[in-house]
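# Survey of secondary and tertiary structure
Residue-level listing of the chains:
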Amino acid sequence: MRLIVTAALLISFALPGQAVTPGKGLTPMPDRPPAPDFALSDIDGQTHRLSDYRGQVLVVNFWATWCPPCREEMPSMDRASQTLAADGIQMLAVNVGEDEDTIFQFTANYPVGFPLLMDRDSKVAEAWPIRGLPTTFVVDPQGRIAYRAIGGRDWDQGELLDPVRALTRPPTAEP
Amino acid sequence: MLLGATLLAAPVSAEVLTGEDPETGLRSWTWSHAGTSVQLLQLLPDQIRAFFLARGFEGEEVERIARACVFQTIFRNDGDRPVEYDLEDWSLLNRGERRPLRTRERWDAEWQTHPIDEPARIALRWALLPTVQGFEPGDYNWGMTSFGLPPGEPLDLRIVVRIAGEQITAQIPSVVCAADR
């Protein structure tokens, strides 16, 4: 039987020594389009609807376990979620196309405190303006997409979180 | 990585760096210009087999993708202007014949005649580099590109990107599909 190469090579698709260099910044979305609603189960069986979070700032990350940049940003995203929670900001990660067992195994190495939702048929991902993984959106309290980041980020960088926090503050009146 | 540089005879000032991993022998090619870069990393057919067998593919279908010259591809915009590409504008030259890339849409068309399960189709679709993408400064994607050639075949890749609307055409020469070890 043909040698099916080692697990490390199979899983990552990254060459040894191939570092994942994070991207930078958040891109403001022109005209802030409405974020498409969804109802997805997390790996504990609880259903999350986007509309349940109306009035809150929400960070929504689309990812998959096999995607190296997705894995790379998970730990810093988890730390950021804890920091942002103090400002009432919620983080959700939507897994695209994988099953509960796969995601559950992933969490053994990448434990996170925010909900991991399952988009098994990728219908939700296809409804959002996403072409590749990971893509992260920041949704404002009115349910509109305010920012987008294509590719992973280092969420420990404070300046990355500043525009997210700014969405929790009411806009200042024009003079 | 061991790196070497080759200046290209392209209409823009750009260069291609080549590398080879000393442990695996897998090779890479990186084109860069004005903060935009495209990196191709060889993937072994066995890596592709294992990845897709674990995601719903079966024997005959997995061979179609495993032996289709698949590279891990990293497209980055580390410049200060928006960048766009459309893989339909890209092409490869192999033994005198110019061919298109096997995009998500071309694979979807193939599964019309060779049906696969939905989880497998979803896995391939999202694992491939998007056919069309726009990157603001700081954005990037990782994804597979497939060229539809047998293992070990050589090719020259023609790429087209638009940086702030300006079209840049360049070549990544002497790329080689990973051998089926």
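Nothing here was measured: the structure is a model prediction, and the numbers come from that model.

### What to know about the pairing of strand 5 (residues 90-96) of chain A
Residue and element names in this part refer to chain A. The buried fraction of strand 5 amounts to six of the seven residues, a majority that puts the element mostly inside the structure. Here strand 4 (residues 58-63) runs beside strand 5; their pairing, made up of six bridges, is parallel. Note on strand 5: the bridge partner recorded for valine 59 is methionine 91. Between the parallel elements strand 4 and strand 5, the chain passes through helix 2 (residues 68-85) in a crossover that is right-handed. Where strand 5 and strand 6 (residues 116-119) come together, four bridges link them in parallel fashion. Each residue of the ladder has a partner; that of valine 96, found in strand 6, is aspartate 119. Handedness of the β-α-β unit built from strand 5, helix 3 (residues 100-109) and strand 6 comes out right-handed.

### Focus: the confidence of the model for chain A
Residue-level pLDDT values for chain A average 90, and 87% of them are 70 or greater. Across residues 1-12 of chain A, confidence stays below pLDDT 50; counting only partners more than four residues off in sequence or on other chains, it has 16 contacts.

### Things to note about the interface of chain B and chain A
Taken together, the 33 residues of chain B in the interface contact 29 residues of chain A. Its residues placed into classes, the side of chain B that touches chain A shows 18 nonpolar, eight polar and seven charged.

### Here's the deal with the pairing of strand 2 (residues 15-20) of chain B
All names here are of chain B. By the bridge criterion, six bridges tie strand 2 to strand 3 (residues 27-33) in an arrangement that is antiparallel. Directly across from glutamate 15, in strand 3, lies its bridge partner serine 32. Adjacent in sequence and paired antiparallel, strand 2 and strand 3 are bridged by six residues, among which glycine 25 carries a positive phi angle near 80°.

### As for the packing of helix 1 (residues 45-53) of chain B against helix 2 (residues 59-66) of chain B
Residues and elements named next belong to chain B. Between helix 1 and helix 2, the shortest axis-to-axis distance is 9 Å and the interhelical angle comes to 135°. Put simply, helix 1 runs oblique to helix 2. Relative to helix 2, the crossing made by helix 1 is right-handed. Contacts between helix 1 and helix 2 involve Pro45, Ile48, Arg49, Phe52 and Leu53 from the first element and Val62, Ile65 and Ala66 from the second.

### Here we look at the nonpolar core
Counting 99 residues, the largest nonpolar core has A:Val94, A:Val138 and B:Phe52 as the members making the most contacts within it. If you tally residues by element for this core, the top one is helix 4 (residues 118-127) of chain B, at six residues. Excluding residues within four positions of it along the chain, B:Phe52 makes contact with B:Phe57, B:Val62, B:Ile65, B:Ala120, B:Ala123 and B:Leu124.

### A word on the environment of B:Arg121
All names here are of chain B. Mapping arginine 121 onto the fold places it in helix 4. In sequence terms arginine 121 and glycine 56 are 65 residues apart; their C-alpha atoms lie 8.4 Å from each other. With residues up to four places along the chain from it excluded, the contact list for arginine 121 reads Trp111 and Ile116.

### Some points on the sheet that holds strand 1 (residues 27-28) of chain A
Residue and element names in this part refer to chain A. In space, the six strands of this open sheet follow the order 1-8-7-4-5-6, with mixed pairing throughout. Looking at which strands have only one partner, the edges of the open sheet turn out to be strand 1 and strand 6. Two strands pair when backbone bridges link them, and strand 1 and strand 8 (residues 145-150) are joined in this way by two bridges, in the antiparallel orientation. Looking across to strand 8, one finds that threonine 27 is bridged to arginine 148.

### A few points about unusual backbone geometry
Most peptide bonds are trans, and most residues other than glycine sit at a negative phi. The linkage connecting A:Leu133 with the following residue, A:Pro134, adopts the cis geometry, with an omega of -10°. With respect to the helices and strands, A:Pro134 occurs in the loop between helix 4 (123-127) and strand 7 (135-139). In the Ramachandran plot, A:Asp31 falls in the positive-phi region, its phi being about 65° despite a non-glycine side chain. Residue placement: A:Asp31 occurs in the loop between strand 1 and strand 2 (39-41). The exposed category is assigned to A:Asp31, around which 6 C-beta atoms lie within 10 Å. Look at B:Cys69: it is not a glycine, yet its phi comes out positive at around 55°. Its place among the elements puts B:Cys69 in the loop between helix 2 and strand 5 (70-77).

### Topic: helix 2 of chain A
Taking 1.5 Å of rise per residue, 18 residues should cover 26 Å, and helix 2 of chain A covers 26 Å from first to last C-alpha, within 8% of that figure. Residues of helix 2 of chain A that are buried include every one of A:Pro69, A:Cys70, A:Arg71, A:Glu72, A:Glu73, A:Met74, A:Met77, A:Ala80, A:Ser81 and A:Leu84, and no others.

Scoring rules and cut-offs
- Residues numbered from 1 in each chain as written.
- Chains lettered and ligands numbered in written order.
- Predicted model: local features only at pLDDT ≥ 70, side-chain atom pairs only at ≥ 80, totals over all residues.
- Buried ≥ 20, exposed ≤ 12 C-beta atoms within 10 Å, placed from the backbone.
- Helix = DSSP H or I, 4+ residues; strand = E, 2+ residues; numbered from the N terminus.
- Pairing = 2+ DSSP bridges.
- Right-handed = clockwise from strand over helix to strand, strands pointing away.
- pLDDT = per-residue confidence, 0-100.
- Contact = placed C-beta atoms within 7 Å.
- Nonpolar A, V, L, I, M, F, W, Y, C, P; charged D, E, K, R; others polar.
- Axes fitted to C-alpha atoms, helices over the stretch in contact; angles between N-to-C directions.
- Parallel < 35°, antiparallel > 145°, perpendicular 65-115°, else oblique.
- Left-handed = near helix turned anticlockwise from the far one by under 90°.
- Core = buried A, V, L, I, M, F, W, Y, C linked by C-beta atoms within 7 Å.
- Expected span 1.5 Å × (residues − 1).

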